[in-house]
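Per-entry structural report
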Amino acid sequence: MTDPDQKARREAMVDYQVRARGIRSPRVLEAMRQVPREAFVPMDLREFAYDDTALPIAAGQTITQPWIVAMMIEALDLKGGERVLDVGTGSGYAAALLARIAGEVYSIERIGELANQASRALLDQGLVNVELRVGDGSLGWPEAAPFDAIMVAAASPSVPDGLKRQLAIGGRLVIPVGADENAQELVRVTRLGEDAYRREDLADVRFVPLLGEAGWDEARAGPQRGFGRRTTSERDRSLSRRIADVAEGFESVDDLPLAGLLDRIGDSRLVLIGEASHGTSEFYRARQRITRALIEEKGFDFVAIEGDWPDTARIDHYVRHAEYPPSEWTAFARFPTWMWRNEEVRGFVDWLREHNADRAPADRVAFHGLDLYSLYNSIAAVLEYLDDVDPEAAAVARERYGCLTPFEPDPAAYARMSLSPGYAGCETPVVEMLRDLQQRHRQYAEQDGDRFHDAVQNARLVANAEEYYRSMFYGSRSAWNLRDGHMFETLETLLAHHGEGSRGVIWAHNSHVGDARATDMSRRGEFNIGQLCRARFGEAVYSIGFGTDTGTVAAASNWDEPMEIKTLRPALPDSYERLCHETGRAGFLLPLGRGGDPQVRQGLAESRLERAVGVIYRPETERASHYFHAELPRQFDEYVWVDRSRAVTPLDSRALEGAADTYPFGL
Ligand code: SAM
């Protein structure tokens, strides 16, 4: 069925996007007028079928921009009736155009799902002269060779020999070639004789990688982006060797060499310790060894983690031997439970309690949470506090927080609701509540400073979380910034609460503690605690990043889904991780700032890929989901490498039976 609107748009596309850019071949222009591009794009993108862009199709792939396909087909110089090979069927659109011009088309796609969809779309168009198969097109289709023309719609590190050899004498091969994911050269190779070829560079283009035996290494690439050097360059090899020479090596994080690191940390007030995933045992264990040394040898006052305030308060009470009645709710019970409820953290918590045992209450090291996901537990904590100290104020608080109560089962509904015209939202009452509490400082704090501080912090969390949930509707940037802004505000409050000159250790993901200005985040307008700390405390901050190559990791496939033990793919070429892996060391500490080796710093200063695994790990789309660009020496002061790592061990609830009522990880 022909939609007259779409037909008009198609005509316009041919005139304004294709002809206007110099495509002159009447065959190509005519084929483009005949083939409805909308039949080859996903249903929900059909209205954009004639826009001047590539569009996403299934399996993370794309349908090429119309004029680029036109240019490629024109470069094949088809006269009609030829036998053509199309590598990278994708949506099948290019195959359909070729089928309109040539005699027979052989089309290969490596992803079965795409091949099936394309096959249906081609048949719907009545194009029966296309033979389609699923396979590795980088090797061509030898049984159907020789071809008069071969078109490759994915970028290869070099022109595959096998494809050249499947050309008929006089045949043309058009293929994007290059290692840069953002720009490749479109190349035409003409077979002049048995062993004679002519190569011409046609244009700069941008394609997805050709993954396969004669293309990019599939094992080291995600299906969306697999660009990189096939072999490590001499420059990288020598940088890896230099890192191996200057780094402080270790075999196991349990024997981390700490003396040099403690020297470099000097008298920093804040030490930010990252992690490259939320589920790697070595990151937790290394972080804890460093933290213990900071507490024992440098007298640090508190640890603050990327966890929620009320849950972490439970740990704080336990490690500081504070007297609180047991609570009715389970701490760290929300997704992702394994992030803090694990054997590694439990070991540290038990150590800290013992460390504090024979110290005066004022000298005990505290344990706090910086995050803001505990809206309703925080409301409950404020009410519980006021019920105790000021029942009248508690009644007012109940009234104010009542505004948020209906949304407890689904905070996202609050975001939607607050967009409705006439709905006043809950901002005013929650902000007033915080202000009221702060103003009663003198009245309440005299009774119990710690409990008052805890209540104010919960009220602050409610106010910031209210704004956070509202902002989620406007996209991830403002929500991210609100969250890291809240974490930083909490950190400043903690420094004030613990007194002048107090010092803290922060445990959060690399993406929070590394300076955002050295990563892709800043281009998106995002900041983080690392950046805010640098700006506010300058040289008094020391930040430590982590990385790993292979092993296992505890992570989910989607939000709110169960934890799985997943296998980490080996690091991609062109990543910092690959460079560290090439050192051949099991693990090392690498100073990047003060005390770092100038040659290594200079070598690492060039932007590279870096991997970040959160509570979710999607190996099947790893490049797009988990890699970003960074400049490591600007991001961190120190980098800790663990070549092979393993997943954290979640707490076994049965093993907790019989633990004291006040035990923070109770049932
Ligand atoms: N010509 C396609 C169209 O009109 O929709 C666009 C193709 S898309 C830019 C590139 C396609 O190449 C993807 O579908 C990808 O899965 C496929 N591909 C990548 N490596 C391949 C290989 N070795 N063999 C076959 N297909 C491959």
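Shown above is the structure to which this text applies.
From a predicted model like this one, the values you see are computed outputs, not experimental measurements.

What counts and how
- Within any chain, residue numbers begin from 1 and follow the written order of that chain's sequence.
- Restriction of local features to residues with pLDDT of at least 70 applies here, the model being predicted, together with a cutoff of 80 or more for giving and counting side-chain atom pairs; totals for whole chains, interfaces and linings are based on all residues.
- Based on all heavy atoms of the structure, the side-chain values leave hydrogens and waters out of the count.
- Counting from the N terminus, the helices are the DSSP runs of H or I reaching at least four residues and the strands are the DSSP runs of E reaching at least two.
- Throughout, exposure labels follow a simple rule: accessible area from a 1.4 Å probe, protein chains only, divided by the maximum for the residue type, with under 20% read as buried, over 50% as exposed, and the rest as partly exposed.
- Contact definition: two residues touch when any of their heavy atoms are within 4.5 Å.
- Residue burial considers only the protein chains on display, and all accessible areas are found by Shrake-Rupley using a 1.4 Å probe.
- For this count, His and the chain ends are skipped, Lys and Arg are scored as positive, and Asp and Glu as negative.
- Think of each charge as sitting on NZ of Lys, CZ of Arg, CG of Asp or CD of Glu.
- A helix is expected to reach a length of 1.5 Å times the quantity of its residues less one.
- Any pair of N or O atoms that falls within 3.5 Å is considered a polar contact. Within protein, one atom must be able to donate a hydrogen and the other to accept it, and sequence-neighbouring residues count only if both atoms are side-chain atoms.
- A pair of aromatic rings is counted whenever rings of Phe, Tyr or Trp (Trp by its six-membered ring) have centres within 6.5 Å, and the orientation is called stacked for planes under 30 degrees apart, edge-to-face for over 60 and tilted otherwise.
- In this scheme, Lys NZ or Arg CZ marks a charge over a ring once it lies within 6 Å of the ring centre and within 35 degrees of the ring normal.
- Two cysteine sulfur atoms make up a disulfide if the distance between them is within 2.5 Å.
- We treat two strands as partners when DSSP finds at least two bridges between them.
- To define axes, lines are fitted to C-alpha atoms, for helices over the stretch in contact only, and angles between the resulting N-to-C directions are given on a 0 to 180 degree scale.
- The near set for a molecule or strand comprises every residue that places at least one heavy atom within 4 Å of it.
- By the convention adopted, Pro, Cys, Tyr, Trp, Phe, Met, Ile, Leu, Val and Ala count as nonpolar, Lys, Arg, Asp and Glu as charged, and the other residues, Gly among them, as polar.
- Angles below 35 degrees are treated as roughly parallel, those above 145 as roughly antiparallel, those between 65 and 115 as roughly perpendicular, and all remaining angles as oblique.
- Crossing handedness is read from the near helix: turned anticlockwise from the far helix by less than a right angle, it gives a left-handed crossing, and turned clockwise, a right-handed one.
- Buried Ala, Val, Leu, Ile, Met, Phe, Trp, Tyr and Cys residues form a nonpolar core when they are joined through side-chain atoms within 4.5 Å.
- A side-chain nitrogen of Lys or Arg and a carboxyl oxygen of Asp or Glu constitute a salt bridge if their distance falls within 4 Å.

Structural notes on the overall build of the protein
Within the protein, the regular secondary structure consists of 25 helices and 20 strands. Overall, the C-alpha framework of the protein stretches about 90 × 65 × 45 Å when taken along its three principal axes. Residues classed as buried in the protein amount to 55% of the 667 residues present. Within the protein, contacts between residues separated by at least 24 positions form 69% of all contacts whose residues are at least 6 apart in sequence. For the protein, the computed accessible surface area is about 27,600 Å², with 47% contributed by carbon and sulfur atoms. Looking at charge distribution, the protein has the averaged site of its 78 positive side-chain charges lying 5 Å from that of its 105 negative ones.

Brief notes about helix 11 (residues 343–357)
Taking 1.5 Å per residue, 15 residues should reach 21 Å; helix 11 reaches 21 Å between its end C-alpha atoms and fits that length. Residues of helix 11 that are buried in the fold lie against helix 9 (281–298), strand 12 (302–308), helix 10 (309–319), strand 13 (366–371) and strand 14 (504–507). Between a side-chain oxygen at the N-terminus of helix 11 and the backbone nitrogen of E344 the separation is 3.1 Å; the capping residue is N342.

Considering the packing of aromatic side chains
Inspection of the entire model under this criterion finds 21 aromatic pairs. Judged by centre distance (5.4 Å) and plane angle (75°), the rings of Y468 and Y469 are edge-to-face. Classification of Y468 as buried rests on a relative accessible area of 8%. Among the aromatic side chains, those forming a connected cluster through ring pairs are Y284, W340, F348, W351, F367 and W507. Directly above the aromatic system of Y197 lies the positively charged group of K164, at a separation of 4.8 Å from the ring centroid.

Some details on the state of the cysteines
What the rule picks out here adds up to 1 disulfide. Here C403 engages in a disulfide with C426; their sulfurs sit 2.0 Å apart. One quick way to see it: the torsion about the S-S bond of C403 and C426 is about -85°, and its sign makes the bridge left-handed. Of this pair, C403 sits in the loop between helix 13 (391–401) and helix 14 (411–418) while C426 sits in the loop between helix 14 and helix 15 (427–439), and the two are 23 residues apart along the sequence. According to the relative accessible area criterion, C403 is partly exposed, its value standing at 23%. Overall, C426 belongs to the buried group, its relative accessible area being 0%.

Let's talk about the sheet that holds strand 8 (residues 184–191)
Within a sheet, each strand pairs with its neighbour through backbone hydrogen bonds, oriented either parallel or antiparallel. Spatial ordering of the open sheet is given by 5-4-3-6-7-8-9, a layout of 7 strands whose pairing is mixed. Edge strands, defined here as strands with exactly one partner in the open sheet, are strand 5 (130–134) and strand 9 (197–205). On average, each strand axis in the sheet is tilted by 15° relative to the strand beside it, whichever way the strands run. By the bridge criterion, 5 bridges tie strand 3 (residues 83–87) to strand 4 (residues 104–109) in an arrangement that is parallel. The residue bridging L85 from the neighbouring strand is Y106, located in strand 4. Packing against the sheet, helix 4 (residues 93–101) makes contact with strand 3, strand 4, strand 5 and strand 6 (147–152), and its axis sits at approximately 170° to strand 4. Across the face of the sheet, helix 5 (residues 112–124) comes into contact with strand 4 and strand 5 while running at roughly 165° to strand 5.

Notes on the site of the ligand
Taken together, the neighbourhood of the ligand is formed by 25 residues, with S91, E109, D136, G137 and L211 sitting nearest. At 2.6 Å, a side-chain N or O of E109 approaches an oxygen atom of the ligand. Put simply, the parts of the chain that give the shell around the ligand at least two residues each are strand 2 (62–63), helix 4 and strand 4. Classifying every residue of the shell around the ligand by side-chain character gives 12 nonpolar, 10 polar and 3 charged.

What about the packing of helix 13 against helix 15?
Here helix 13 crosses helix 15 at 155°, and the two axes come no closer than 9 Å. Here helix 15 runs roughly antiparallel to helix 13, going by the angle between their axes. Judged by the twist between their axes, the crossing of helix 13 over helix 15 is left-handed. Contacts between helix 13 and helix 15 involve A397, R400 and Y401 from the former and P429, V430, E432, M433 and D436 from the latter. Here the residues of the contact of helix 13 with helix 15 are counted per class, giving 5 nonpolar, no polar and 3 charged.

Regarding the nonpolar core
Side chains of nonpolar character tend, in soluble globular proteins, to be buried together. Ranked by size, the top nonpolar core spans 68 residues in total, and within it L386 and L604 carry the most contacts. With 10 residues, the single largest contributor to this core is helix 17 (residues 449–471). L604 has contacts with L239, I243, Y576, L579, L590, L592, L632 and P633, leaving out every residue within four places of it along the chain. Core analysis: the second largest hydrophobic core is formed by 54 residues, F283, I290, L589 and L656 among them.

Here's the deal with unusual backbone geometry
Residue P146 is bonded to the preceding A145 through a cis peptide linkage, with omega at 0°. Considering the arrangement of structural elements, one finds P146 in the loop between strand 5 and strand 6. The omega torsion of the bond from F335 to P336 falls at -5°, within 30 degrees of zero and hence cis. Here P336 lies in the loop between helix 10 and helix 11. Non-glycine residue H321 carries a positive phi angle of around 55°.

Describing the pattern of salt bridges
Once the charged atoms of two side chains with opposite charge are near each other, the side chains can pair. On inspection of all chains with the given rule, the structure shows 44 salt bridges. We note a salt bridge from E11 to K7, for which the minimum N-O separation is 4.0 Å. In this pair, E11 and K7 both sit in helix 1 (residues 4–18), 4 residues apart, roughly one turn of the helix. Under the relative-accessibility criterion, K7 is labelled partly exposed at 40%. Where R320 meets D316, a salt bridge forms, and the shortest distance between an N and an O atom there is 2.9 Å. For D316, a relative accessible area of 8% gives the class buried. Here the residues in one salt-bridge network are K7, E11, D15, E30 and R33, joined through shared partners.

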